[in-house]
Amino acid sequence: MSLARGRHFQAIPGPSAMPDEVLSAMHRDAPNIYEGSLIDVTLEVETRLKAVARAQKAGIVIYITNGHGAWEGALINLFSPGDKVLALYTGRFARGWADMARAMRVEIEEIDFGARSSVDPQRVEDALRRDKSIKAVLMVQTDTASSVRNDVLGVRRAIDAAGSDALFLVDCIASLGCEPYEMDAWGVDVTVAASQKGLMTPPGIGLNYVGEKARRARKSAQLVTPYWDWEPRLEPTAFHARFCGTPPTHHLFGLHAALGMIEREGLENVWERHRRLSGAVHAAVEAWGKGGTWELNIPDPANRSWAVSAIRTGIDANTLRTYCDAELDLTLGVGISLSSGAVGVREAGLFRIGHMGHLNPPAILGTLATIEAAMEALRLERGPGAVEAAAKALVKG
Ligand SMILES: *Cc1c(COP(=O)(O)O)cnc(C)c1O
């Protein structure tokens, strides 16, 4: 008998859970788009977005789009056909971004660090020393497919150590509002983000944080198209110019509420909460692994994301996912293929738990205990004590 009769629970890496406060803020009629509270809210959203990325020096571009659109926005403002970009692969997402650039006739030089480890800054430094024509370095902070977290500051130092003048682009779509990030202090030129992960707002807003150097590079970029162009959005002649048309009214109200929640909790407390909750997930998987084939995809604890965990199952993960979904009201994230070349392909031996955004201990411990129940029902071999280990890790920190 299916027990799926309460509020359905999603443990996927985006779109993440939406707080009631965000939903309430969006539950309203179409607002005045010429004057009044929407304008004030938008200006405050910009201020709060700067705070959440520690990016006081950046200009904020708010697109009506998803993460892929925000990727494209960043690329077309910086490059011309034939420009060379160094792309750092640690799973799936930087690869997807680089493929997009290649389709725009940007030349991609790639370093693949594999699907189970993080970017090695030394190799980035070596590549930049070898090839002085590289115009930009592109990476993700957290790769949502492999669940690795990369060392952004380490790559910044590698760029400097190589004496390179390359622009530095970082995708923080999965990590912003979950993991420590310091755009100004880490010398990032463009940060790409989106509304639906750590920022707890429905998909529909894509963000470019634009540093001074990136803005200068925009002047010579030949790929610029009118909708994505940063300049009119950063120097708007009227409110609607920020959006190249009608603003994303309800998303702005929602994002304003979400960023207000982050501000009230305190950004560093938000990071710490994610660290603690992710620690519980890691402890549970390690316990399962002592008596079965379960394994965190990222072996080194220092490189594990606080926002998402990819888990190797050794069995067909869809059996587990389907049971959780149909019988226990829990949706787990699908495994995204980590083998090179495969795009949008599911990986049978992998699933993911999203632990980003609006989450507390019952959400995480409930998810882990529910997975345990599914494993029991399906008679899947595993080590004992996973939920207990998770509870201990959560409390000890
Ligand atoms: C989710 C995600 C994307 C893609 O965002 P969409 O909104 O699905 O287009 C890109 N990069 C990372 C790191 C992500 O987590």
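Structure first, text after, so check above.
Here the structure is a predicted model, which is why all the values come from computation and not from measurement.

So, how was this worked out
- Residues numbered from 1 in each chain as written.
- Predicted model: local features only at pLDDT ≥ 70, side-chain atom pairs only at ≥ 80, totals over all residues.
- Heavy atoms only, no water.
- Near = heavy atom within 4 Å.
- Polar contact = N/O pair within 3.5 Å; in protein donor to acceptor, adjacent residues only side chain to side chain.
- Areas by Shrake-Rupley, 256 points an atom, 1.4 Å probe, with all protein chains shown as cover.
- Helix = DSSP H or I, 4+ residues; strand = E, 2+ residues; numbered from the N terminus.
- Nonpolar A, V, L, I, M, F, W, Y, C, P; charged D, E, K, R; others polar.
- Pairing = 2+ DSSP bridges.
- Axes fitted to C-alpha atoms, helices over the stretch in contact; angles between N-to-C directions.
- Parallel < 35°, antiparallel > 145°, perpendicular 65-115°, else oblique.
- Left-handed = near helix turned anticlockwise from the far one by under 90°.
- Contact = heavy atoms within 4.5 Å.
- Buried < 20%, exposed > 50% of the residue type's maximum accessible area, 1.4 Å probe, protein only.
- Expected span 1.5 Å × (residues − 1).

Novice: Whenever I open this one, the site of the ligand confuses me. Can you help?
Specialist: All residues adjacent to the ligand are Asn66, Gly67, His68, Trp71, Phe93, Thr142, Thr144, Asp171, Ile173, Ala174, Gln196 and Lys197. At 2.8 Å, a backbone N or O of glycine 67 approaches an oxygen atom of the ligand. Between the ligand and histidine 68, the relevant distance is 2.5 Å, taken from an oxygen atom to a side-chain nitrogen or oxygen of the residue. About the coverage of the ligand: the protein hides 89% of its 380 Å² of free accessible area. Looking at the shell around the ligand element by element, the count peaks at three residues for helix α3 (residues 67–76). When the residues that make up the shell around the ligand are grouped by side-chain class, the tally is four nonpolar, six polar and two charged.

Novice: Whenever I open this one, the sheet that holds strand β5 (residues 134–140) confuses me. Can you help?
Specialist: Taken in spatial order, the seven strands line up as β2-β10-β9-β8-β5-β3-β4 in an open sheet, and their pairing is mixed. The sheet terminates laterally at β2 (59–65) and β4 (107–112), the two strands that pair on one side only. Strand-to-strand twist in this sheet, taken as the mean axis angle between neighbours without regard to direction, amounts to 20 degrees. Bridging between β2 and strand β10 (residues 204–210) involves seven bridges; their strand directions are antiparallel. Note on β10: the bridge partner recorded for isoleucine 64 is isoleucine 205.

Novice: Any chance you could explain the packing of helix α5 (residues 121–130) against helix α6 (residues 152–161) here in plain terms?
Specialist: Helix-helix packing is described using two parameters, namely the angle between the two axes and the distance between the axes. In contact at an axis separation of 8 Å, α5 and α6 are set at 30 degrees when each is read in the N-to-C sense. With respect to their mutual orientation, α5 and α6 come out roughly parallel. With respect to the hand of their crossing, α5 and α6 are arranged in right-handed fashion. Within the contact between the two elements, α5 uses Pro121, Val124, Glu125, Leu128 and Arg129 and α6 uses Gly154, Val155, Ala158, Ile159 and Ala161.

Novice: Please explain the sheet that holds strand β12 (residues 308–312) as it appears in this structure.
Specialist: What holds strands together in a sheet is hydrogen bonding between their backbones, with the strands either parallel or antiparallel. Taking strand neighbours across the sheet as the criterion, the five strands line up as β1-β13-β14-β12-β11 in an open arrangement whose pairing is mixed. Of all strands in the sheet, those with a lone pairing partner are β1 (9–11) and β11 (295–296), marking the two edges. Bridge analysis of β11 against β12 gives two bridges, and the strand direction is antiparallel. Note that in β12 the partner of glutamate 295 across the bridge is arginine 312. Here helix α12 (residues 361–377) sits on the sheet in contact with β1, β13 (330–336) and β14 (346–354), set at roughly 80 degrees to β13.

Novice: Can you help me understand unusual backbone geometry in this one?
Specialist: Geometrically, the link from glycine 14 to proline 15 is a cis peptide bond, its omega value of 0 degrees lying close to zero. For proline 15, the position within the fold is in the loop between β1 and α1 (20–26). The residue serine 147 is not glycine, and still its phi comes out positive at about 65 degrees. Here serine 147 falls in the buried class, since its relative accessible area comes to 4%. The phi angle at aspartate 329 is positive, at roughly 65 degrees, despite the residue not being glycine. By the secondary structure assignment, aspartate 329 is in the loop between α11 (317–328) and β13. For aspartate 329, a relative accessible area of 12% corresponds to the buried category.

Novice: Explain the packing of helix α10 (residues 267–289) against helix α13 (residues 386–396) here, please?
Specialist: In contact at an axis separation of 7 Å, α10 and α13 are set at 150 degrees when each is read in the N-to-C sense. By the angle between their directions, the pair α10 and α13 is classed as roughly antiparallel. As α10 runs across α13, the sense of the crossing is right-handed. Residues Arg276, Leu277, Gly279, Ala280, Ala283, Ala284, Ala287 and Trp288 of α10 form the contact with α13, whose own contacting residues are Ala386, Ala389, Ala390, Ala393, Leu394 and Val395. The residue inventory of the contact of α10 with α13, partitioned by class, reads 12 nonpolar, one polar and one charged.

Novice: What am I meant to see in helix α9 (residues 249–265) here?
Specialist: Quick reminder: α-helices carry 3.6 residues per turn. Residues three or four places apart thus point the same way. Spanning 17 residues, α9 covers 25 Å between terminal C-alpha atoms, matching the ideal 24 Å at 1.5 Å per step. Burial analysis of α9 places 13 of its 17 residues in the buried class, which makes it a mostly covered element. Taken from the residues just after α9, glycine 266 is the one with a positive phi, measuring 95 degrees.

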